[in-house]
Amino acid sequence: MKKLTPFLISTLLVFGVAACDNASKTSESAPGNPNEAPQSPSVQTTEASQKDAQSETRRRQLDADIRAREQRNKVTGGDADRAKGDLSSEVRSKLEANIPKGQLTVDATQDGVVTVGGTVNNQQELAKIERLAKEIKGVKTVIVKATVAPPTN
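Quick summary incoming for the structure in this document. This one's a predicted model, so the numbers in the text were calculated from it and none came from an experiment.

**Comments concerning the overall build of the chain**
Reasoning step 1: Along its length, the chain carries five helices and five strands.
Reasoning step 2: Helices (α) and strands (β) of the chain occur, in sequence order from the N terminus, as α-β-α-α-α-β-β-α-β-β.
Reasoning step 3: The proportion of buried residues among the 153 residues of the chain is 35%.
Reasoning step 4: Residue pairs at least 24 apart in sequence account for 70% of intrachain contacts in the chain once pairs closer than 6 positions are excluded.
Reasoning step 5: For the chain, the exposed surface amounts to about 9,300 Å²; the carbon and sulfur share of it is 54%.

Quick look at the structure:
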C-alpha cells in the first residue's frame, strides 16, 4: 500500500497537468487552438456567448479578476514578467469584457508574444483585438489570426 499511494498521486498529477494545458478561450465554442481554421458560429452560440459575457455574474468575475491582478502587480512593483498562463488569461479577460460576441482563443508565450485566433462578428471587433491585448502589461507582440465570421442561422 505504501508504494501504491505515491503512484496514484503522481498519476493524478500527470493527468491533471496534461488536462490543464489548454489555450484560454473567450467562449466554450471557441477553437481550442488559435491556429485552427475558424468556423462561423451559429446564431444560438453567439447569443449564448453574449448573454454569458454580459451577465452580471460574469461581469463581477471579470472585474474581480482584473482588480486582483492590479493589486498583485502593485505588490510586486508592476512586474511585467509573468507566467504565460497568467498573461493569456489576462488578455482573454480583457477581450471577453470588450468583445462579448467574439469566440476567441488566446495563447501566450513567456516572451510576451500573444496569438489570438477564432472569430468575431464584424471588422470593428477585429480591429480592437490588437489594441486591447497590448493594453495588458507584458504583451510585446500580438498576432491576430482571428477572422470576421458573422453568425449563421
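Alright, that's what it looks like, and here's the rest.
**So, the environment of Ala97**
Reasoning step 1: Note that Ala97 resides in helix 4 (residues 84–98).
Reasoning step 2: Excluding anything up to four places from it in sequence, Ala97 contacts Arg59 and Leu62.

**As for helix 5 (residues 123–134)**
Reasoning step 1: Every buried residue belonging to helix 5 is among Glu125, Leu126, Ile129, Leu132 and Ala133, and all of these are buried. The buried residues of helix 5 occupy an angular sector of 125° when the element is viewed end-on, so they sit on one face. More than 90 degrees from the buried face of helix 5, the exposed residues found are Gln123, Gln124 and Ala127.
Reasoning step 2: Here helix 5 starts with a cap whose side-chain oxygen sits 3.2 Å from the backbone nitrogen of Gln124, and that cap is Asn122.

Rules used in this analysis
- Along each chain, residues carry numbers from 1 onward, in the same order as the chain's sequence is written.
- Only residues with pLDDT of at least 70 get local features here, since the model is predicted, and only at 80 or more are side-chain atom pairs given and counted; chain-wide, interface and lining totals rely on the full set of residues.
- With hydrogens and water set aside, each side-chain value is computed from the structure's full complement of heavy atoms.
- Numbering goes from the N terminus for both helices and strands, where a helix is a DSSP run of H or I of at least four residues and a strand is a run of E of at least two.
- The cut-offs for exposure are 20% and 50% of the maximum accessible area for each residue type, with area from a 1.4 Å probe on protein chains only; residues under the lower value are buried, those over the upper are exposed, and the others partly exposed.
- We call two residues contacting when some pair of their heavy atoms lies within 4.5 Å.
- Residue-level accessible areas treat just the shown protein chains as cover; the underlying method is Shrake-Rupley with a 1.4 Å probe.
- Within this analysis, the arc is defined by the directions that extend from the helix axis to the C-beta atoms.
- Polar contact is defined as a pair of N or O atoms within 3.5 Å, subject to the rule that within protein one atom must be able to donate a hydrogen and the other to accept it, and that residues adjacent in sequence are counted only when both atoms are side-chain atoms.

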